[in-house]
Structure formats: C-alpha cells, structure tokens
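Listed below, chain by chain, are the residues.
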Amino acid sequence: MRRLRQGVVAVMLLVAGGAGALLESVHARADSILHRYVGVETCEICHSSQRIGRQFFVWAASPHARAYQDLLTPKAREIASRLKIANPAKDGRCLSCHVTAYRKPLPEILSTFRMTDGVQCESCHGPGEDYAHFSVMINRSKSKLAGLVLRPDENTCKTCHNPASPTFKGFDYHTARARIAHPIPKEYKKETVEMGGEP
Ligand code: HEC
Ligand code: HEC
Ligand code: HEC
Ligand code: HEC
C-alpha cells in the first residue's frame, strides 16, 4: 500500500505543476489518513466541458449545490427554531447532511475545500485528492484504488435522505437519481480509452 501510495503521489506531482504546494501537503499528511477532500472546484477543472458531459454544471444547478446556502433562509430558521436550534448554518444537527465532510478532522481537508459549497461531488464519490488526476481518472482500477466511489448507490443517498431530516417525506431512489443524472457521453469514453484509459 505504501509503495502504491508513493506512486500515486508521484503521478500527482507530475500532473499538477504546483509541485511546491503539493510537496508541502504530502509532508503534512498523517500516516493514518487515506485520502483527503479537495472540494468541487478541483472537479470543475475537468468536469465542465460539453464533451465530458458538464457534470459540474448539472451539479451546480441541483439542490445539492445550495444545500448549505439553504440553511441561511427564513425557512431553515423556522425549521430550526421548532427544534430549538438557534443557528442552523452553524449547528451540527443541520450541517451533518447539508455539507460535505462534516465532522472530518482538519487534516483530512485540503485548503481548496469549502464547506459553503454544500453537498459536493465528494459526498457521493469519496474524497478526491488521490483520484482527481487525469492519468488516474481515465483508468477505472487506478481510480478505485485511489478512493473513487464509482457507483454511488441507494445506500449512499440514504445517509442523508432519511427520516432524521426534519423535512423528510419519503425517498424514491430511481426518481431522485434521474433528477441528478450526469452521465459521460459514450463518445468521450471512447476518446479516453484511445488515450490509454480503461474501457
Ligand atoms: C485532471 C482532470 C480531472 C479531474 C480534476 C477530475 N476528473 Fe473525474 N474524470 C476525468 C476524466 C478524463 C474522466 C473520464 C474517464 C472515462 O473516459 O471514463 C473522469 C471520470 C470520472 C468519473 C467516472 C469514472 C468512470 O470510469 O466512469 C467520476 C465518478 C469522476 N470522474 C469524478 C470526479 C470527481 C468527483 C472529481 C473531483 C474530486 C474529479 N472527477 C476530478 C478527469 C478528471
Ligand atoms: C439526516 C439528514 C438531514 C438533516 C439532519 C437535516 N437535513 Fe435538511 N434536508 C435533508 C434532505 C435530504 C433534504 C431534501 C429532501 C427532504 O426534505 O428530505 C433537506 C431539505 C431541507 C430544506 C428544504 C430546502 C427547500 O426549500 O426545498 C431545508 C430548509 C432544510 N433541509 C433545513 C434543515 C435544517 C434547518 C436542519 C437542522 C434543524 C436540517 N435541514 C437537518 C437532509 C437533512
Ligand atoms: C448526490 C450524489 C452525487 C453527487 C453530489 C455527484 N455525483 Fe456523480 N454520480 C452519482 C451517481 C449515483 C452516479 C451514477 C453511478 C452509476 O452509474 O451507477 C454518478 C456518476 C458520475 C459519473 C460517471 C458517469 C458515467 O457515465 O459513467 C461522473 C463522471 C460523475 N458522477 C462525476 C461527478 C462530479 C464531477 C460531481 C460534482 C460536480 C458529481 N459527480 C456529483 C452521484 C453523485
Ligand atoms: C451528504 C448528504 C446527501 C447525500 C449523500 C445525498 N443527498 Fe440529495 N439532498 C441532500 C440535501 C441536504 C438536499 C436538500 C438541499 C436543499 O434543497 O437545500 C438534497 C436534495 C436532493 C434532491 C432534491 C429534493 C428531493 O428530495 O427531491 C434530490 C433529487 C436528491 N437530493 C437526490 C439524491 C440522490 C439520488 C442521492 C444519492 C445518489 C443523494 N441525493 C445523496 C443531501 C444529500
């Protein structure tokens, strides 16, 4: 595992030019931490183009992107006050489902990550530090080894879509999944296979 980890880090250093900052982060990583959260802006770099399927924009237009901001609304304050919660945007009883990486210790979160971006890609696909690099991403086995949850499923959703949500009115997985669908076009997948990716 260690050697693999070093390999992945080497690839990271090659891919991203900002070697200085990365080296620092490599040194800062405690041995117990597997992968760290990078935040949606890192995914945006590659997942915005029409060719790859605009996953970033699909997400940005979805309720997940405003999950944190919605805790600042009068509606949120009303729900919170019924539960005797003074500030929903600062209270774990609301934040736990309305942001990514809630309660993760600071060393697991990189400085590019912003809680205010709500329920981000990494809430469902896992922390991205080690897979969010071109040479890793085009290869499924490498991505999975680097922590990518390739197929988030109903159980992933139900960590938040459950009766502990004060506004819960049931959850139909298939309808909900269709509402947030963000597939990669087949032609694009073919292209990455030609570049050395996995089919
Ligand atoms: C350096 C560019 C780059 C970055 C940054 C990046 N990706 Fe990707 N990602 C790709 C490419 C290219 C593919 C297409 C692989 C293929 O053709 O199947 C991909 C594929 C994926 C897939 C599908 C994998 C598969 O085999 O079907 C998921 C899920 C994914 N990315 C999530 C993310 C998330 C989440 C982030 C941010 C944490 C992220 N990506 C950041 C380039 C990137
Ligand atoms: C167990 C996870 C969970 C917790 C805890 C949680 N929420 Fe939510 N919240 C959700 C989910 C999922 C939705 C969307 C569907 C639903 O209502 O179940 C939602 C929707 C909302 C909405 C609706 C947005 C809209 O206008 O459509 C508001 C407002 C809200 N939550 C506020 C709060 C407040 C305030 C708290 C804390 C008192 C809280 N939530 C705690 C998961 C949660
Ligand atoms: C609420 C959970 C959730 C969030 C947030 C989310 N995804 Fe996904 N993602 C999924 C699910 C579910 C699938 C479908 C998995 C399957 O094929 O079974 C998926 C699939 C994908 C795929 C592969 C599509 C394909 O055709 O193979 C990519 C790429 C991807 N997501 C990227 C992203 C990026 C980038 C973000 C953030 C901008 C993001 N996702 C945010 C749940 C999520
Ligand atoms: C980290 C917690 C979290 C996870 C995981 C999550 N969601 Fe959500 N989801 C939310 C919250 C919070 C909202 C409400 C956001 C708002 O409106 O402020 C929401 C809203 C939604 C909505 C719109 C409201 C509704 O209920 O119709 C859909 C659709 C949805 N989620 C689908 C999914 C699917 C599908 C998955 C799994 C693949 C998933 N979510 C995983 C937290 C989560």
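Whatever comes next refers back to the structure up there.
All of these numbers come straight from a predicted model, not from anything done at the bench.

(A) Representation of the site of ligand 3 within the structure. In the vicinity of ligand 3, 19 residues are found, and the nearest of them are W59, C121, C124, R151 and P183. Broken down by secondary-structure element, the contributors of at least two residues to the shell around ligand 3 are α3 (40-46), α4 (55-60) and α7 (121-125). Taken together, the residues of the shell around ligand 3 break down into eleven nonpolar, six polar and two charged.

(B) Broad picture of the site of ligand 1. Around ligand 1, 24 residues are found, and the nearest of them are C43, C46, C121, G128 and T192. Counting residues per element, the ones that place at least two in the shell around ligand 1 are α3, α7, α8 (134-137), α9 (140-145) and α12 (186-194). Considering every element that reaches the shell around ligand 1, the biggest residue donor is α3, with four residues. For the shell around ligand 1, the per-class residue count stands at 13 nonpolar, eight polar and three charged.

(C) Quick peek at unusual backbone geometry. One non-glycine residue with positive phi stands out, namely R54, at about 50 degrees. Here R54 is to be found in the loop between α3 and α4. One non-glycine residue, R103, lies in positive phi territory at about 70 degrees.

(D) Main features of the environment of P183. Looking at the secondary structure, you find P183 in the loop between α11 (173-179) and α12. We classify P183 as exposed; it has 10 C-beta atoms within 10 Å. Residues P183 and V58, 125 residues apart in the sequence, show an inter-C-alpha distance of 9.9 Å.

(E) Just α12, in detail. Counting buried residues in α12 gives zero out of nine residues, a small share hidden from the surface. Immediately downstream of α12, the backbone of G196 shows phi near 110 degrees, a positive value.

(F) The arrangement of the environment of S165 in detail. Of note, S165 is situated in the loop between α10 (154-158) and α11. Sequence-wise, S165 and R93 are 72 residues apart; in three dimensions their C-alpha atoms are separated by 9.4 Å. Aside from chain neighbours lying at most four places away, what touches S165 is C97 and C160.

(G) Spatial organisation of the environment of R54. Look at R54 and you get partly exposed, because 16 C-beta atoms sit within 10 Å. With 129 residues separating them in the primary sequence, R54 and P183 have C-alpha atoms 8.8 Å apart. The residues touching R54, leaving out its near neighbours within four places in the chain, are S48 and S49.

Cut-off values and rules
Residues numbered from 1 in each chain as written. Chains lettered and ligands numbered in written order. Predicted model: local features only at pLDDT ≥ 70, side-chain atom pairs only at ≥ 80, totals over all residues. Near = placed C-beta within 6 Å. Helix = DSSP H or I, 4+ residues; strand = E, 2+ residues; numbered from the N terminus. Nonpolar A, V, L, I, M, F, W, Y, C, P; charged D, E, K, R; others polar. Buried ≥ 20, exposed ≤ 12 C-beta atoms within 10 Å, placed from the backbone. Contact = placed C-beta atoms within 7 Å.

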